[in-house]
Amino acid sequence: MAGVVEELVKKAGGCAVIDGGFATQLEALGADINDSLWSAACLITKPHLIKEVHMQYLEAGADVIISSSYQATIPGFLARGLRQEEAEGLLRTSVHLALEARDEFWKSTLTKPKPIYNRALVAASIGSYGAFLADGSEYSGSYGDNIMAEKLKDFHRRRLQVLASAGPDLIAFEAIPNKMEAQALVELLEEEDIQVPSWICFSSVDGKHLCSGESFGDCLQILNASEKVAIVGVNCTPPQFIEGIIREFKKQTGKAIAVYPNSGEVWDGRAKRWLPAECFGRKSFDVMARRWQEAGASLIGGCCRTTPSTIRAVSKALKGRDRALISLESSESV
């Protein structure tokens, strides 16, 4: 499974670019995501906007685009009055929209005299149990005393089966806030014998621990033991912590490392607005991305409040303005 990732990183010139904030861009296109399903609501109401966001990130230079299924869960869809088969169909749609965008963009790229893109991979997103609860526990990792690993496996099982069967290149478990859920996901990958390479990315609020307060080291031991997990990393995390996290991960794992932090902006709950990022000082996101690559990250992108402009800058910073990003092997593989 690591071979897929190694090939991707190699074709990208040593560091692949992940896309950016999805809900952020849906809102920019006019979508209303004030919904318990968050951005996944657009799978029901405005799927064309989802495809448009994927296209924008591909044009920006993303080597990996992530499906709109982070908050898409079967229980969540059932609560909206959908039937089981409809809920599962929407999960498949999230992957198919990304695949369609990727294939259409790649076809158009091959018609250009000097193509400058790689054929992107599609990662099917799976958010944490806390993301489904939407009660703040995705930021604390505290699910309560009655939630055990078996319940988490039961919660994720059918969604994982459906998404894996939809044809993605990767499975992306995103913003996992505690060790118990990481353990449950690794066990689930084995139990279901998932053949799609997976990544598991944690979230952190202090750069030293998961949101739960548990150590990265303890969690990485679990991931290191799994051949199903090809990539480890962090997302939905303040950018000022990323370089230190990468260096710590490099000491404790031989797996590829992915990082896609937030923009650095801070939500002011009282004023109901985002405050400008101050954590970079005079450094921009793309300048920091070069530091993250030098520290050892193999995949770099953005999460909340990052945009196609952010990813375009990151792509140029990591790959260079003049170097063709597409390899001969990429063309021959189509």
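Reading the values: rules and limits
- Residues numbered from 1 in each chain as written.
- Predicted model: local features only at pLDDT ≥ 70, side-chain atom pairs only at ≥ 80, totals over all residues.
- Heavy atoms only, no water.
- UniProt positions renumbered as here; feature names shortened; annotations may be inferred.
- Helix = DSSP H or I, 4+ residues; strand = E, 2+ residues; numbered from the N terminus.
- Contact = heavy atoms within 4.5 Å.
- Buried < 20%, exposed > 50% of the residue type's maximum accessible area, 1.4 Å probe, protein only.
- pLDDT = per-residue confidence, 0-100.
- Disulfide = S-S within 2.5 Å.

Brief notes about the UniProt feature "binding site: Zn(2+)" (unreviewed entry) in the protein
Right, so step 1: If you check UniProt for "binding site: Zn(2+)" (unreviewed entry), the listed places come out as Cys236, Cys303 and Cys304 in our numbering. In sequence the annotated residues extend across 69 residues, while in space they remain close, none of their C-alpha pairs exceeding 6.6 Å.
Right, so step 2: Along the chain, cysteine 236 turns up in the loop between β6 (229–235) and α11 (242–252).
Right, so step 3: If near-sequence neighbours (up to four positions away) are discounted, cysteine 236 is found in contact with Ala175, Ser203, Ser204, Tyr260, Pro261, Asn262, Cys303 and Cys304.
Right, so step 4: Its relative accessible area of 13% is what places cysteine 303 among the buried residues.
Right, so step 5: What cysteine 303 contacts, discounting residues up to four positions off in sequence, is Gly20, Gly21, Asn235, Cys236, Tyr260, Pro261 and Asn262.

Examining the confidence of the model for the protein
Right, so step 1: Taken over all residues, the pLDDT of the protein has a mean of 91, while the share at 70 or more is 90%.
Right, so step 2: Confidence drops under a pLDDT of 50 for residues 321–334, and excluding neighbours within four residues, the segment shows 28 contacts in the predicted structure.

As for the state of the cysteines
In a disulfide, the sulfur atoms of two cysteines are held together by a covalent bond.
Right, so step 1: A complete count under the given rule lists zero disulfides for this structure.
Right, so step 2: Of all cysteine sulfurs in the structure, the one in cysteine 304 sits closest to cysteine 236, which takes part in no disulfide; the separation is 4.1 Å.

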